Amino acid sequence: MLTVKILGSGCANCKKLEAVAREAASQAGIEADFVKVTDMQAIMAYDLLSTPGLVLNDKLVSSGRIPTVAEVQGWLAGA
């Protein structure tokens with residue numbers, strides 16, 4: 001199963017990113033395990049410059065912005 005991590009403090013943008021990622025997975029019919037990572041040391045382990053961050057199977061694919069549903073679907077398909 002695919003693991004999707006949302007990196008951030010729980011701010012509004014982090015919540016938007018989670019909603020976009022869930023929507024993308026749902027539309028693509030992909031089962032995923034969603035994990036919120038709020039611990040700053042764990043977040044910094046991904047070499048993230050700004051939050052929110054999106055990690056698919058331990059690979060950082062987006063940081064500092066909210067990608068579109070289509071972008072996330074493309075990343076999910078390649079994961």
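I will try to describe carefully the structure that is included in this document. Every chain's residues receive numbers from 1 upward, in the order its sequence appears when written. Local features in this predicted model are restricted to residues of pLDDT 70 or higher, and side-chain atom pairs are both shown and tallied only at a pLDDT of 80 or more, whereas totals for entire chains, interfaces and linings draw on every residue. By convention in this description, side-chain values take in all heavy atoms of the structure and omit both hydrogens and water.

### Examining the pairing of strand β3 (residues 53-56)
Defined as follows: Burial here depends on accessible area, computed with a 1.4 Å probe over protein chains only, as a share of the maximum for the residue type. Under 20% is buried, over 50% is exposed, and the range in between is partly exposed. The secondary structure listing takes helices from DSSP runs of H or I that are at least 4 residues long and strands from runs of E that are at least 2 residues long, numbered from the N terminus. Each pair of strands is called paired provided DSSP finds at least two bridges between the two strands.
What you see with β3 is no split at all: G53 and V55 on one side and L54 and L56 on the other are buried throughout. As paired elements, β3 and strand β4 (residues 59-63) share four bridges and run antiparallel to each other. By the bridge assignment for β4, L56 is matched with K59. Counted along the chain from β3 to the antiparallel partner β4, the turn is two residues long, and its residue N57 has a positive phi close to 45 degrees.

### Notes on the packing of helix α1 (residues 12-28) against helix α3 (residues 69-78)
Formally: Axis lines are fitted to C-alpha atoms, over the contacting stretch for helices. Their N-to-C directions set the angle, which ranges from 0 to 180 degrees. An angle below 35 degrees is treated as roughly parallel, one above 145 as roughly antiparallel, one from 65 to 115 as roughly perpendicular, and anything else as oblique. Left-handed describes a crossing whose near helix is turned anticlockwise from the far helix through less than a right angle; right-handed describes the clockwise counterpart. Residues are treated as being in contact if the distance between any of their heavy atoms lies within 4.5 Å. Charged residues are taken to be Asp, Glu, Lys and Arg, nonpolar residues to be Ala, Val, Leu, Ile, Met, Phe, Trp, Tyr, Cys and Pro, and polar residues to be all remaining types, Gly included.
Contact pair α1 / α3: the axes reach a minimum separation of 8 Å and the direction vectors enclose 60 degrees. Between α1 and α3, the angle is such that the two are oblique. Our pair here, α1 against α3, has a crossing hand that is right-handed. Contacts between α1 and α3 involve V20, A21, E23, A24, A25, Q27 and A28 from the former and V69, V72, Q73 and L76 from the latter. Classifying every residue of the contact of α1 with α3 by side-chain character gives eight nonpolar, two polar and one charged.

### A look at the pattern of salt bridges
As a reminder of what qualifies: One side-chain nitrogen of Lys or Arg within 4 Å of one carboxyl oxygen of Asp or Glu is enough to make a salt bridge.
Under the defined criterion, the tally for this structure stands at four salt bridges. Residue K36 is joined to E18 by a salt bridge in which the shortest nitrogen-to-oxygen separation is 3.4 Å. Here the residue K36 occupies a position in strand β2 (residues 32-37), and E18 occupies one in helix α1, the gap between them amounting to 18 residues. Take E18: its relative accessible area is 11%, and that puts it in the buried class. Where salt bridges share partners, they join E18, R22 and K36 into one cluster.

### With respect to the packing of aromatic side chains
Heads up, the rule is: Geometry of aromatic contacts follows a simple scheme: Phe, Tyr and Trp rings, the Trp one being its six-membered ring, pair when their centres are within 6.5 Å, and the pair is stacked under 30 degrees between planes, edge-to-face over 60, tilted otherwise. Only when the NZ atom of a Lys or the CZ atom of an Arg is both within 6 Å of the ring centre and within 35 degrees of the ring normal do we say a charge sits over the ring.
A complete count under the given rule lists zero aromatic pairs for this structure. The ring of F34 has R22 lying over it, and the distance from NZ or CZ to the ring centre is 4.3 Å.

### Examining the sheet that holds strand β1 (residues 2-7)
Judged by pairing direction, the sheet is mixed, and its four strands sit side by side in the order β2-β1-β3-β4 without closing on themselves. Only two strands of the sheet have a single neighbouring strand rather than two, namely β2 and β4. Across the sheet, the mean angle from the axis of one strand to that of its neighbour is 20 degrees, orientation sign disregarded. Pairing geometry for β1 and β2, over six bridges, is parallel.

Function cannot be inferred from these measures alone, as they are strictly geometric.
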